[in-house]
Amino acid sequence: MSTLALLILLIGLGIVAWVSARLRLSRLAGEERTHSLPLYHGWYVALWTAVPPILFLILWVNITPALVSYAVIDTPVAARILPSEPLERSALLAEARALAKGQIEAPFNADARLLAPAYAETQSRYDLGATALALILAFAGFAYAFTRVRPDFRARTRVERIVMAALLGASLVAILTTVGIVASLLFESFRFFSMVNPLDFLFGTRWSPQATVLPGEDPGFGAVPLFWGTIFIGAIIAMLVAIPLGLMSAVYLTQYARPAVRRWMKPILEILAGVPTVVYGYFAALTVAPVIRDAAAAIGIANASSESALAAGLVMGIMIIPFVSSMADDSIAAVPGSMRDGSLAMGATSSETIRRVLIPAALPGVVGGVLLAVSRAIGETMIVVMAAGLAANLTANPFASVTTVTTQIVQLLTGDQEFDSAKTLAAFALGLVLFVVTLLLNIVALRVVKRYREAYE
Amino acid sequence: MTGMVAQMPDRDRKVAERVPTDWKTGAMQTRIRRRYAAERRFRFMGLAAVVLSAAFLAFLLVTMLAQGLRGFTETRLALPIDFAAAGLEVTPAQLEQRGADAALASAGLERVVDNAAVAAFGPDGMDLISDTAWIRVGERLKADPGLLGGQAVIAVPASAGVDLAAKSGDTPLDARVAELRAQNRLTTGFAWGFLTGADSTDPTRVGIWGALKGSILTMVVTLLLAFPIGVLSAVYLEEYAPRNRWTDLIEVSINNLAAVPSIIFGLLGLAVFLATFQMPRSAALVGGLTLALMTMPVIVIAGRNAVKAVPPSIRDAALGIGASRVQVVFHHVIPLALPGILTGTIIGMARALGETAPLLMIGMRAFIAGPPGGFTSPATALPVQVFLWSDEVSRGFVEKTSAAIIVLLVFLLAMNGLAIYLRNKFEQRW
């Protein structure tokens, strides 16, 4: 039986259990008052019936592919035809599995046809076992819970305990995700650093992982050009666009604009943050980059690239405007009105008040906002993948092509992947650096903002 | 008076003895004028920043619209076909049954159409009509089997070259297209194929449905996972969590996850779902799982704010009449917080819909020529499709890419509009 059908059957059994528990309760209790409402008795029995087998099924679905593979490898057919080389072996097994499931018609390797029946047979045996076990679990759970339904049974407390466990479990997903990210990045990076010296990676200046290297030669995993490209595009060019535009927009909308203008313009500017990055990337590559290349050629810059750092940085800056603007907006609004009124009462003009009082007072908040925006910009992928180049240049020329950490991650992980090569693992090492840097930026930014908020409260 | 001044501290005496400023002097007037000019300049700079930012947005949208709207149209050629003379071995009855397509294909309709093109437009006729022209003719025949015995002029899709020459020019076929246009043989119509087809190597044959279906499947998985988990953990953290180290750890994790670059989630998906759990590559299931992990913190943060906004008096009242703590939350707090939670969910889903980088990491960038069959079959998603088409060399893909972007933006706009509507309609101020 397919997993989905089994799942539906279990849910159906749960409903049956729910109804039967209520019937039993009303028969036992009659007119007598029960401790818990019939609803809770129903849920108690239904949960006992459906949840254990469903948990079992989830576990089962995750472990059977491996078990089935082992069983197939042990068959005489497999012993005869399976190649000993691990990569070919797993490819053949995958093909046989796909063939057995009817996902593919004709295998690339004809031997897969020989293995497919063994696969289908083992799989169906395991499926049968799973169905039987799930049903046994369901009936056992039902029997246990059903016999406990009595008028004085505290079903509500039991159900609520399960609900609380579910709530706690849901919140643990966040920790699991964080652990998963850190563990997978660290693990793969560790494998990478066992092949490449971490110091060469962090401080080397030659990046060319795609090239084939002879033994003893520099493998080209020096990531400094990538770090520089990321900083150049994300933290310099993008911020040169985003900080003035974002800050001045926030100042104008909070201090000068009429409420009607503010009500309309603020959401309109926020659309800029909602446009998918792939759209910005396309816009940067197709519309902005040629204009910049032509402009550079017109002012006499010979080696202007059509994948310039400037095009990617400019468009990224536009994307970041709303982040800077809303953070600046919040921090200006948090400055106590008395400071502003005091300055105005002394005869300062609005702009003098803003420049000499409000912005200095709001500066920590603005700086925090800019740090968050930088962390956002350096983690941004699609704009740089589409508009910045692949050449790892260590240059400060905005018309030249530079590459970034995220671009290289995408570049390293597409195409033919062998999970064990230094090339693939380098992507995880870059990911680790990116993760750590954005995390630090966020922690520092939040601390700055928090301390500043406390100063005025 | 002087005596009092003498008793004052030094600093105050200076203030008292200072001559009042004469605002009427020329120097002061110039100074004031300069300050006011600075004020006006500053104000203008602020306005310029707002206008410039909005102008970027307008320019972006107008560029996409200008390029993309053409992607929804196709150029058609009026092709006269003499079915009677061609001798198609198909009976009108066959056309009304199932399997009509196979019958037409085996009867050699494609050859008949190619011959008709050569007869109508000269030796290059076959290059002018699209490879799929005969399918369009077949549809027309199925709709009107009576045509088999006679002649008809059928508008068939033009080839990619003709389409490009007719729409933007600057191609080798320009002269030929001008000639056809002079003969009134070119028409333009809505490209239904774009809304129903999938990826292809020929820009006139590509469609958006394959990618859209992939996106929908991915979003279903994301929603089914991220929404319950997000809401439950928001409720837990806001209503039940004891103040201890574990709770702090959960909160820190959630806040950090919300700031982690999306590509890192892609690496997680690759290392955990694909490499460790051996899930299928390029599948909507894996894409949905990865995006769910990314969307969940957004929903948790929005959900916590919504739950926090429900006034304590509601909880007190419910507790007062004997509700348990679980009943308080599930019967009263969650229903009241639901509009806020839904708004946050929709915004998170909109972000997930536009996300590309994590999907590239788990291999949803393969060329897939048909809509995905299910959650585990290879699929692509709308933003990834935009990325893939933007990489194509053929010029015809430019308008198709922009058209796909328009479809994507329409979806995002609809989702955000729904979020704003929900917020305005159901938002309660206590």
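The shown structure was predicted, so the numbers you read here are calculated from the model rather than taken from an experiment. (Residues numbered from 1 in each chain as written. Chains lettered and ligands numbered in written order. Predicted model: local features only at pLDDT ≥ 70, side-chain atom pairs only at ≥ 80, totals over all residues. Heavy atoms only, no water.)

Novice: Any chance you could explain the overall build of chain B here in plain terms?
Specialist: From N to C terminus, chain B includes 21 helices and 3 strands. For 430 residues, the compact-globule estimate of 2.2 N^0.38 gives 22 Å, and the C-alpha radius of gyration of chain B, at 33 Å, exceeds that figure by more than 25%. Projected onto its principal axes, the C-alpha coordinates of chain B cover approximately 125 × 75 × 40 Å. When the 430 residues of chain B are sorted by exposure, 49% land in the buried category. Considering only contacts within chain B whose residues lie at least 6 apart along the sequence, 75% involve residues at least 24 apart. As presented, chain B carries roughly 20,800 Å² of accessible surface, and 61% of it is formed by carbon and sulfur atoms. If the 39 positive side-chain charges of chain B are averaged to one point and the 33 negative ones to another, these points end up 14 Å apart. (Helix = DSSP H or I, 4+ residues; strand = E, 2+ residues; numbered from the N terminus. Rg over C-alpha atoms; globule rule 2.2 N^0.38 Å. Buried < 20%, exposed > 50% of the residue type's maximum accessible area, 1.4 Å probe, protein only. Contact = heavy atoms within 4.5 Å. Areas by Shrake-Rupley, 256 points an atom, 1.4 Å probe, with all protein chains shown as cover. Lys, Arg positive; Asp, Glu negative; His and termini not counted. Charge placed at Lys NZ, Arg CZ, Asp CG, Glu CD.)

Novice: Which parts of the structure should I look at to understand the overall build of chain A?
Specialist: The helix and strand inventory of chain A stands at 16 helices and 0 strands. On the principal axes, the C-alpha backbone points of chain A span a range of 85 × 75 × 40 Å. Looking at chain A as a whole, 46% of its 457 residues are labelled buried. On chain A, roughly 21,900 Å² of surface is accessible, and the fraction owed to carbon and sulfur atoms is 66%.

Novice: Would you explain the domain arrangement of chain A in this entry?
Specialist: Interfaces are frequently sized by the accessible area removed from exposure as the parts join. If you check the domain split of chain A, you get domain 1 (3–153) and domain 2 (224–455). Using only C-alpha atoms to locate each centre, domain 1 of chain A and domain 2 of chain A end up separated by 49 Å. (Domains from an automatic or database assignment.)

Novice: Mind showing me how you'd approach the packing of aromatic side chains here?
Specialist: Describing an aromatic ring pair means giving the distance of the ring centres and the angle of the ring planes. Following the criterion strictly, the structure yields 20 aromatic pairs over all chains and no others. With 5.4 Å between their ring centres and 75° between their planes, A:Phe192 and A:Phe201 make a pair best called edge-to-face. Under the relative-accessibility criterion, A:Phe192 is labelled buried at 0%. The exposure class of A:Phe201 is buried, given its relative accessible area of 0%. The residue whose ring lies beneath A:Arg24 is A:Phe146, and the NZ or CZ to ring-centre distance is 5.0 Å. For the cation-ring pair, B:Lys425 lies above B:Phe426, with the distance from its terminal atom to the ring centre recorded as 5.8 Å. (Phe/Tyr/Trp six-rings, centres within 6.5 Å; stacked < 30°, edge-to-face > 60°. Lys NZ or Arg CZ within 6 Å of the ring centre and 35° of its normal.)

Novice: Sorry if this is basic, but what is going on with the interface of chain B and chain A here?
Specialist: Each partner contributes to the interface: chain B provides 72 residues, whereas chain A provides 74 residues. At the boundary of chain B with chain A, total buried surface from both sides reaches about 6,400 Å², with 79% on carbon and sulfur atoms. The largest share of the area that chain B buries against chain A comes from B:Phe42, B:Val50 and B:Leu60, three residues that together contribute 10% of it. Summed over the shared surface of chain B and chain A, the result is 1 salt bridge. Between A:Glu352 and B:Arg35 there is a salt bridge, with the nearest N and O atoms lying 2.8 Å from each other. When residues of the side of chain B that touches chain A are assigned to their parent elements, the largest contribution, 21 residues, is made by helix α3 (residues 26–68) of chain B. Looking at side-chain class alone, the side of chain B that touches chain A contains 52 nonpolar, 15 polar and 5 charged residues. (Buried area = accessible area lost by both parts, 1.4 Å probe. Salt bridge = Lys/Arg side-chain N within 4 Å of Asp/Glu carboxyl O. Nonpolar A, V, L, I, M, F, W, Y, C, P; charged D, E, K, R; others polar.)

Novice: What should I look at first to understand the pattern of salt bridges in this one?
Specialist: Oppositely charged side chains are able to pair whenever their charged atoms sit close together. A full pass over the atoms with the stated rule returns 20 salt bridges over all chains. Linking A:Lys266 and A:Glu270 is a salt bridge whose minimum nitrogen-to-oxygen distance equals 3.7 Å. Of this pair, A:Lys266 and A:Glu270 both sit in helix α9 (residues 259–274), 4 residues apart, which is roughly one turn of that helix. For A:Lys266, a relative accessible area of 25% gives the class partly exposed. Take A:Glu270: its relative accessible area is 39%, and that puts it in the partly exposed class. Note that B:Glu251 is salt-bridged to B:Arg304, the shortest N-O span being 3.2 Å.

Novice: Would you mind going over the UniProt feature "transmembrane region" (unreviewed entry) in chain B with me for this structure?
Specialist: Residue and element names in this part refer to chain B. UniProt marks residues 44–66, 215–237, 257–277, 284–303, 333–354 and 401–422 with the feature "transmembrane region" (unreviewed entry), using the numbering shown here. Strand forms 0% of residues 284–303 and helix 100%; the C-alpha atoms that close the span are 26 Å apart. Here residues 401–422 runs as 100% helix and 0% strand, with 32 Å between its end C-alpha atoms. (UniProt positions renumbered as here; feature names shortened; annotations may be inferred.)

Novice: How should I be thinking about the UniProt feature "domain: ABC transmembrane type-1" (unreviewed entry) in chain B in this particular structure?
Specialist: In the numbering used here, UniProt assigns the "domain: ABC transmembrane type-1" (unreviewed entry) feature to residues 212–419 of chain B. Each end of residues 212–419 of chain B is marked by a C-alpha atom, and these two atoms are 21 Å apart; helix forms 77% of the span and strand 0%.

Novice: Explanation requested: the sheet that holds strand β2 (residues 151–157) of chain B in the structure shown.
Specialist: Note on sheets: strands pair through backbone hydrogen bonds, and any given pair is parallel or antiparallel. Residue and element names in this part refer to chain B. Across the sheet, 3 strands lie side by side as β2-β1-β3; this open sheet has antiparallel pairing. Looking at the sheet topology across the chains shown, the edges are occupied by β2 and β3 (186–190). Between one strand and the next, the sheet's axes are offset by a mean angle of 40°, whatever the strand orientation. Here 5 bridges tie strand β1 (residues 73–82) to β3, and the two strands are oriented antiparallel to one another. Its bridge partner lying in β3, Thr73 is registered against Phe190. Against the sheet, helix α10 (residues 160–167) engages β1 and β3, with an angle of about 125° to β1. (Pairing = 2+ DSSP bridges. Axes fitted to C-alpha atoms, helices over the stretch in contact; angles between N-to-C directions.)

Novice: Where do I start with unusual backbone geometry in this structure?
Specialist: Glycine aside, a negative phi is what most residues show, and trans is what most peptide bonds show. All names here are of chain B. In this structure, Asn184 is a non-glycine residue whose phi angle is positive, near 60°. With respect to the helices, strands and loops of the structure, Asn184 is situated in the loop between α11 (174–182) and β3. The phi angle at Ser282 is positive, at roughly 65°, despite the residue not being glycine. Here Ser282 shows up in the loop between α15 (262–276) and α16 (284–309).

Novice: Looking at this structure, I do not really get the nonpolar core. What am I missing?
Specialist: A general feature of soluble globular proteins is that nonpolar side chains tend to end up buried together. A:Phe192, A:Trp207, A:Tyr280, A:Ile320, A:Ile409, A:Leu430 and B:Ile264 are the most contacted members of the largest nonpolar core, which has 182 residues in total. At 17 residues, helix α8 (residues 224–256) of chain A tops the list of elements feeding residues into this core. In this structure, A:Leu430 is in contact with A:Phe201, A:Trp207, A:Ala223, A:Leu226, A:Phe227, A:Val405, A:Gln408, A:Ile409 and A:Leu412, ignoring residues within four places of it in sequence. (Core = buried A, V, L, I, M, F, W, Y, C linked by side-chain atoms within 4.5 Å.)

Novice: Teacher, can you tell me more about the packing of α3(B) against helix α21 (residues 396–426) of chain B here?
Specialist: All names here are of chain B. Between α3 and α21, the least distance of the axes is 7 Å, while the angle of their chain directions is 120°. Here α21 runs oblique to α3, going by the angle between their axes. Here α3 and α21 pass one another in a crossing that is left-handed. Contact with α3, carried on its side by Leu61, Met64, Leu65, Gln67 and Gly68, involves Val398, Glu399, Ser402, Ala403, Ile405, Ile406 and Leu409 of α21 and no other residues of that element. (Parallel < 35°, antiparallel > 145°, perpendicular 65-115°, else oblique. Left-handed = near helix turned anticlockwise from the far one by under 90°.)

Novice: For this particular structure, what's the right way to read helix α15 (residues 405–413) of chain A?
Specialist: Every α-helical turn comprises 3.6 residues, leaving residues that sit three or four positions apart pointing alike. Of all 9 residues in α15(A), 8 are buried; the element is thus mostly enclosed. Every buried residue of α15(A) is listed here: A:Val405, A:Thr406, A:Thr407, A:Gln408, A:Ile409, A:Val410, A:Leu412 and A:Leu413.

Novice: Looking at this model, I keep getting lost on the environment of B:Leu88. Mind explaining?
Specialist: All names here are of chain B. Position of Leu88 among the secondary structure elements: in the loop between α4 (83–86) and α5 (92–96). Between the C-alpha atoms of Leu88 and Gly149, which are 61 residues apart in sequence, the distance is 9.4 Å. The residues touching Leu88, leaving out its near neighbours within four places in the chain, are Phe83, Ala107, Gly108, Leu109, Val112, Leu141 and Leu148.

Novice: Where do I start with the domain arrangement of chain B in this structure?
Specialist: What the domain assignment lists for chain B is domain 1 (12–68), domain 2 (73–196) and domain 3 (209–426). Relative placement of domain 1 of chain B and domain 2 of chain B: their C-alpha centres are 64 Å apart.

Novice: What's the story with the packing of α8(A) against helix α13 (residues 350–379) of chain A in this structure? I'm lost.
Specialist: Two numbers describe a pair of packed helices, the interaxial angle and the distance between the axes. Residues and elements named next belong to chain A. Where α8 meets α13, the closest approach of the two axes is 9 Å, and the angle between their N-to-C directions is 140°. Viewed along their axes, α8 and α13 adopt a mutual orientation that is oblique. The interaxial crossing formed by α8 with α13 has right-handed handedness. Mapping the contact onto sequence places Thr230, Gly234, Ala235, Met239, Ile243, Leu247, Val251, Gln255 and Tyr256 in α8 and Ser350, Ser351, Ile354, Leu358, Ile359, Val366, Val370, Ala373, Val374, Ala377 and Ile378 in α13. When the residues that make up the contact of α8 with α13 are grouped by side-chain class, the tally is 15 nonpolar, 5 polar and no charged.

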